[in-house]
Structures are given as C-alpha cells and as structure tokens.
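Coordinate analysis (summary)
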Amino acid sequence: MREGQADPGLYDFRPYRDRAKIQWPGGKTVAVWVSPNIEFYELDPPANPHRKSWAKPHPDVVGYAHRDYGNRVGHYRLAEVMERHGFKGSVSLSVAMCQHCPEIIDQVNALGWEFFSHGVYNTRYSYGMDEAQERALIEDAIKTVQDATGQAIKGWLAPALTHTPRTLDLIAEYGLTYTCDLYHDDQPGPVHVANGKLISMPYSLEVNDHYGFSVYNMSPRKYADTLISQYDRLAAEGAQSGTVMCIPLHAYLIGQPHRIGPFEEVLRHIAADGRAWITRSGDIADHFMAHDYYAAGRDAARYMVEAR
Amino acid sequence: MTLDPAYLTYPKRAKGMDHDLYPWRSLFDRPPVAWPDGKSVATWMMVSLEWFPILPSDTPFRAPGHMQTAYPDYRHYTARDYGTRVGFYRLLDAFAKVGAKVSVAVNAAIAERYPSIIHDIVAEGHEIIAHSSDMNGTIASGMDEVAERDLIARSLDTLEKVSGTRPRGWHSIARSQSFNTPRLLIEAGVDYMCDWVNDELPYRFHTQAGSLINLPLNHELADRQILVTQQHSIDSYAQQIGDAHDWLTVEAAQFGGRMLPLHLTPYIMGLPYRIGAFERLLADLAMRNGNLFARGDQIVDAAAIS
C-alpha cells in the first residue's frame, strides 16, 4: 500500500458494468464458498498497545466461554450440515488450533476443507508489529498448517482483521495468492503489491454471521432469508458477470441450537438451485489467476486517468 | 514500531485448553446422558430474581439492568421492582399451568426484604440458586479475595436461613467471575455454578480446592439477549426457542439427552404483552413427547458427571 497517503493504492478503479466476464467452471454463474472461522481466543492474553482483547478484566467469562462453545459444540453442528449438503469449508484458521485442538483440524482436513491463515490466535493482533515480527507470524502460519494438514496455505485473513501497511506485500512475497481483507467488490481482482501477484477474494462483512447476529441483531430466520436474497441476486447477476458469494461463519454464533436449523435451509436452497459453483476460496483464486487476472488488468487500464 | 518480543511467544500453545480449569471435549464425544423417563430434551428454566438498590455501585462494574439516569432513577428502580411484584408472579403461574419446576437465582436481598417470595418459590417446588447479595454484588478480577469470599458466604447463609435449605447452585451477576470465584465457590460448599456458557451439558470444572460442576446457562437464548439486546418480538422469541427444541430433539436421538436452558427475567418476560405468548410457548413445549421440564439440581444429578 501507499503508506501515509489518503488513497492507500490497494487496487485500480474498475466499474462493475464494464468488465470481462468471469466464466466459472461448468457454466455456473456464482462461485459460492463457505468460510467457517475456526478460532482460538486466549483466556488471559498479553496486552497489545493498540487494541484491547477482552471488554472485561480477565477472565471475561462470557466472552471466552462463548468462543469456546464454538469449538466444543457449534463446530460439529456446522460441519454436519455443510457435509450433508455438499459444502467444503474454506477455514479462516487461528493456526494455534493445530496445537490446541487437532481433533477438529484432522476432522475437517479429512472432509476436504481448505485452510488459510487467520493468525496464531484471535487475541494476538498485528498492530504494532515490525517487519521481522510480521514475517515470523506469516512463517509460523505457513509452517504450522503445512505440518498439521499437509496443505500449503494460499490465503490470509488478518487476525481479528488487524493489519500493518506491509501485510499484503509480505503475504504475496511468501507466495500466498489471495487476501480476504478487502471488501470493495463482488468479484476477485488484482491487488497492488511490491512483488508477485495477489488478488482480493470477496469475503463479506455484511452477510457475516457476526454482523447478522451481533451488529444487525437479526433473528435466525431473518439471517437465513438475508443469505438467500444475497445468493439469488448474485446468482442472477453472475449470468452476465461471474460473481462470488462468501458465507463467513463463526460456530459460536451459527452453531447455536436456534440458528443452525434455519441456516441449513440456506445450504439446501443453494445446493438445489443449480447455478452455484460450490467450491473453496483457493479453487476460486486458482481459477481467477489462470483465466481472469490479466483481463481484469486490461479493464482497469481503460480507467487509468481516473484515481487508482 | 515494534511489539514486546513476548507478544510473539505462546507459552500455552499446546494440546487442550490454555488453562487447567477443564479439559477440551466435544459435546458429541461423551457418554450419552439419559434423562428420566427416556426424555430427549431437558428444558431448564432459570429466573433471575434481583433487587437493584437505587444507589448503584460501579465496583467492580455496574450490573446489567441497573440504574441509568441521574439520582434518583425512579424509572429503573420501579420498573425492576415491577418484575419482582408482578412479573415474577405471572411467571410462577405460567410454570404452574404446565407443571414445570424451575430454578430461581435469587439475590440474598430478596430473601431479607421479601421472605414471603422465598416461601412461595419453595412451596411451589422450585429450586433456589444463590445469586449474590443484591445487584451491587458484582464480581470481577481485582476484587479483594476476602470480600469475595464474604459475599458468597453471606448470600448462601441468608438464602439458607430464609428458605430452610442451603442452595447447591451459584449464579454470578452477568456471569462475571474473578479467577478466584470457582475455588471460593467450592470452599463455600457449592455443587455447581451457572456462569460459563461454553457447553450444552453440565461438565466438571477444576480448581486447586477440588472440583465442581458448571451447568451452562446459554446467554444467547436469554430473554435479555433476544428481546432486549437484539430487540426481537416475543413471537420471534417463541419461534426461536421452538426451533432450538426441534434441533435438540433430533440430536438427542443420536447423541443422548440434550438440554435447553431458558434464562428468564421477571421485568422482561413478565410483561402483560409478552406473557401470553410465553405461556403458549410453554404449552407447546409441554405437549412434545420428548420434553422434560427440569430444575438445575435435577439436571446436574441426572447427568451424573463423574
């Protein structure tokens, strides 16, 4: 990024109505990926000078226990309904889960889920790290997931969405191909980095279950209706454009007994519709890199006189 | 900019939890629990019965539902009292209509001020769980250990004196504990606490002084969360609880008895425009073959967690 400037220069301007079409495999119109955040929050984490971990003095019983519920209870419900309807997860992973809870990592690895990095713990933030520290974090994530699962991670979602100005350059340098931290589009697109190639992968805050339940205060059925509306629209528009829909989830929220039933109806709807390429984030990134990356650059070139 | 190197060291990064309070264990990998009469879902209702002094304390923090305006806050003092005088009796009647026995988490101040309420609770077969002194009796780390020990003892002693039975259970205000609380509860003879929301069945919790049971009281299903924080309607609340019961009933067939905790607040659920829908919800649950209404102590005993 252009550190210290008003426009961080993350990507080029490229309006939605004037783009090369993305052709998803099998003639599908929308690439759908489900992203369970499998996280570990520490009971008594050290303080980061730029952000507080817990609202209350440690132990923050409800804050901590609610997250722990995700791993003890909610995760298994979510994994079961996803498997029942043919959805493989793309996991936003607190990589320390590989040490704390290998049972869950092994289970979903065997199901064919993909892992990408969401930091070591969701209570350790990148704010304030120097370059050596941030490299250590990225190297830790790559090695930990490789050792535990045999997978080379391709993507990054910053721990608790905490970044530094150099994060995107560094993950590209280490060979990662996508970031889930940018929310400017319903399609993937090139991201400017110092060296290598990096794309943005549409994740979502707006239809994230955290926003749905904790920010917008939706009922479980309202959240399910919201996801279906999001899907129906992106599937329809994708016939002209080729869209991506991400469903970002947290088992401590969606795995609650009053929510998982309505959510299962969303997966049933999408699986039955026929227009969805139900896939994983890494597969979307591979496809875009192979077929669409340079076309997106050519689209952007027509607007180079406008602000980038 | 740089961070203290300790920020990138992880001394507790190892298998299991990052503490010794309880081991990690999936809900779906335990010996199945069998409820009495082969029931599938134990619906555990827990009412918080609380007294809010009109002079609020912020040490260590101000309790949810406490005074909000400049002194004197007649608005919140009396609206909370409404729950105790009126709403709670609507709830007792609603429980009686379906024959449900429930747990009531009671501030010791309620027993001191209104012993007749304690007698009504006991006479109708409900369980009393200790719930601190009054709504200024909050707990958090930083609280003096002697003061916390005294708070717990006074609550238990007062409720025992007025009700005739020493409470076996404890519920902290806002579920907030210090690192000392579980040990102090064990030392005070408490069998189980209802503060940690990380599970859907009782499980064993360890301290240096021995162990006790944690009976998880799901805060996401609380009337405060759904009706006040999320501002859903009572009809939506009833639908959500019905959906939860449906899901747990299916799960119970494969994994053993399940628990549905309903945390209720007299000044929230006991309002005239809500109580009818709540009564219809209870009637719906009561008609389900697999449903069992149970008190917290009955659930702890039936689950027989070793």
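The model shown is predicted, which means the values in this text are computed figures rather than measured ones.

Things to note about the overall build of chain A
- Looking only at helices and strands, one finds 11 helices and 9 strands in chain A.
- Computed over the C-alpha atoms, the radius of gyration of chain A is 19 Å, within 12% of the 19 Å expected from 2.2 N^0.38 for a compact globule of 308 residues.
- Here the C-alpha coordinates of chain A stretch approximately 55 × 45 × 35 Å along the principal axes.
- Counting the 308 residues in chain A, one finds 53% classified as buried.

Remarks on the overall build of chain B
- Along chain B, the regular secondary structure elements total 10 helices and 9 strands.
- Whereas a compact globule of 306 residues would reach a radius of gyration of roughly 19 Å, chain B reaches 20 Å, a difference of no more than 12%.
- Judged by the C-alpha coordinates and their principal axes, chain B covers about 60 × 55 × 45 Å.
- Looking at the 306 residues of chain B, the share that counts as buried comes to 50%.
- Here the contacts in chain B between residues at least 6 apart in sequence split such that 74% fall between residues at least 24 apart.

Examining the packing of helix α9 (residues 260-273) of chain A against helix α7 (residues 234-255) of chain B
- Running from N to C, α9(A) and α7(B) point in directions that differ by 80°, and their axes come no closer than 8 Å. Relative to α7(B), the element α9(A) lies roughly perpendicular. Side by side, α9(A) and α7(B) meet where Ile260(A), Gly261(A) and Pro262(A) of the first sit next to Asp243(B), Asp246(B) and Trp247(B) of the second.
- Of the residues assigned to the contact of α9(A) with α7(B), the class counts are 3 nonpolar, 1 polar and 2 charged.

A look at the interface of chain B and chain A
- Opposite the 45 residues of chain B that make contact, chain A presents 40 residues.
- Of the residues that constitute the side of chain B that touches chain A, the class distribution is 19 nonpolar, 15 polar and 11 charged.

Observations regarding unusual backbone geometry
- Looking along the chain, the bond that leaves Thr59(B) and enters Pro60(B) is cis, with omega of -5°.
- Positionally, Pro60(B) belongs in the loop between β1 (41-49) and α1 (74-98).
- In this chain, Tyr71(B) is followed by Pro72(B) through a cis amide linkage whose omega measures 0°.
- As for its placement among the helices and strands, Pro72(B) is situated in the loop between β1 and α1.
- For Asn217(A), which is not glycine, the phi torsion reads 60° and is therefore positive.

Side note on the nonpolar core
- Met97(A), Trp44(B), Met46(B), Val47(B) and Val104(B) are the most contacted members of the largest nonpolar core, which totals 172 residues.
- Among the elements that line this core, the one with the most residues is helix α1 (residues 61-84) of chain A, at 9 residues.
- Ignoring any residue separated from it by four or fewer positions in sequence, one finds Val47(B) in contact with Phe88(B), Leu91(B), Val102(B), Val104(B), Ala105(B), Leu264(B) and Pro266(B).

Things to note about the pairing of strand β2 (residues 103-106) of chain B
Residues and elements named next belong to chain B.
- The side-chain alternation of β2 yields two buried faces, one formed by Ser103 and Ala105 and the other by Val104 and Val106.
- Of the strand pairs in this sheet, β2 and strand β3 (residues 127-130) are connected by 4 bridges, and their pairing is parallel. Paired with Ser103 across the strands is Glu127, a residue of β3.

What about α1(A)?
Residues and elements named next belong to chain A.
- End to end, α1 covers 33 Å across 24 residues, agreeing with the expected 34 Å (1.5 Å per residue, within 8%).
- Residue Gly74 marks the point of greatest curvature in α1, where the axis turns by about 55°.
- Among the 24 residues in α1, 18 count as buried, and that is most of the element.

Notes on helix α9 (residues 272-287) of chain B
Residue and element names in this part refer to chain B.
- Under the 1.5 Å per step criterion, the end-to-end length of α9 is 24 Å for 16 residues, consistent within 8% with the ideal 22 Å.
- Residues of α9 that are buried: Arg274, Phe278, Leu281, Leu282 and Leu285. Relative to the axis of α9, the buried residues are bounded by an arc of 100° and lie together on one face. For α9, the exposed residues set more than 90 degrees away from the buried face come down to Pro272, Tyr273, Gly276, Ala283 and Met287.
- Those residues of α9 hidden inside the fold are in contact with β1, α1, α7, α8 (266-269) and β9 (291-293).

What to know about the packing of α1(A) against α9(A)
All names here are of chain A.
- It is at 10 Å that the axes of α1 and α9 come closest, and there the two elements cross at 25°. Judged by the angle between their axes, α1 and α9 are roughly parallel. Once α1 is placed against α9, the crossing between them reads as right-handed. Taken together, the residues of α9 that come into contact with α1 (itself represented by Arg77, Val81 and Met82) are Ile260, Phe263, Glu264 and Leu267.
- Taken together, the residues that form the contact of α1 with α9 break down as 5 nonpolar, no polar and 2 charged.

Considering the environment of Arg135(A)
- By secondary structure assignment, the location of Arg135(A) is in helix α4 (residues 131-149).
- For Arg135(A) and Ala172(A), which are 37 residues apart along the polypeptide, the C-alpha to C-alpha distance reads 12 Å.

Let's talk about the environment of Leu260(B)
Residues and elements named next belong to chain B.
- By the secondary structure assignment, Leu260 is in strand β8 (residues 258-264).
- Leu260 sits in the buried class, given 24 other C-beta atoms within 10 Å.
- Residues Leu260 and His66 lie 194 residues apart in sequence; the distance between their C-alpha atoms is 27 Å.

Some words on the environment of Met45(B)
All names here are of chain B.
- Along the chain, Met45 turns up in strand β1.
- Classification of Met45 as buried rests on a count of 25 C-beta atoms within 10 Å.
- It is 12 Å that separates the C-alpha atoms of Met45 and Met269, two residues lying 224 residues apart in sequence.
- Those residues in contact with Met45 that sit more than four places away from it in its chain are Ala100, Val102, Leu262 and Leu264.

Quick notes on the rules
Residues numbered from 1 in each chain as written. Chains lettered and ligands numbered in written order. Predicted model: local features only at pLDDT ≥ 70, side-chain atom pairs only at ≥ 80, totals over all residues. Helix = DSSP H or I, 4+ residues; strand = E, 2+ residues; numbered from the N terminus. Rg over C-alpha atoms; globule rule 2.2 N^0.38 Å. Buried ≥ 20, exposed ≤ 12 C-beta atoms within 10 Å, placed from the backbone. Contact = placed C-beta atoms within 7 Å. Axes fitted to C-alpha atoms, helices over the stretch in contact; angles between N-to-C directions. Parallel < 35°, antiparallel > 145°, perpendicular 65-115°, else oblique. Nonpolar A, V, L, I, M, F, W, Y, C, P; charged D, E, K, R; others polar. Core = buried A, V, L, I, M, F, W, Y, C linked by C-beta atoms within 7 Å. Pairing = 2+ DSSP bridges. Expected span 1.5 Å × (residues − 1). Bend = angle between axes of the 7 residues up to and from the residue. Arc of directions from axis to C-beta. Left-handed = near helix turned anticlockwise from the far one by under 90°.

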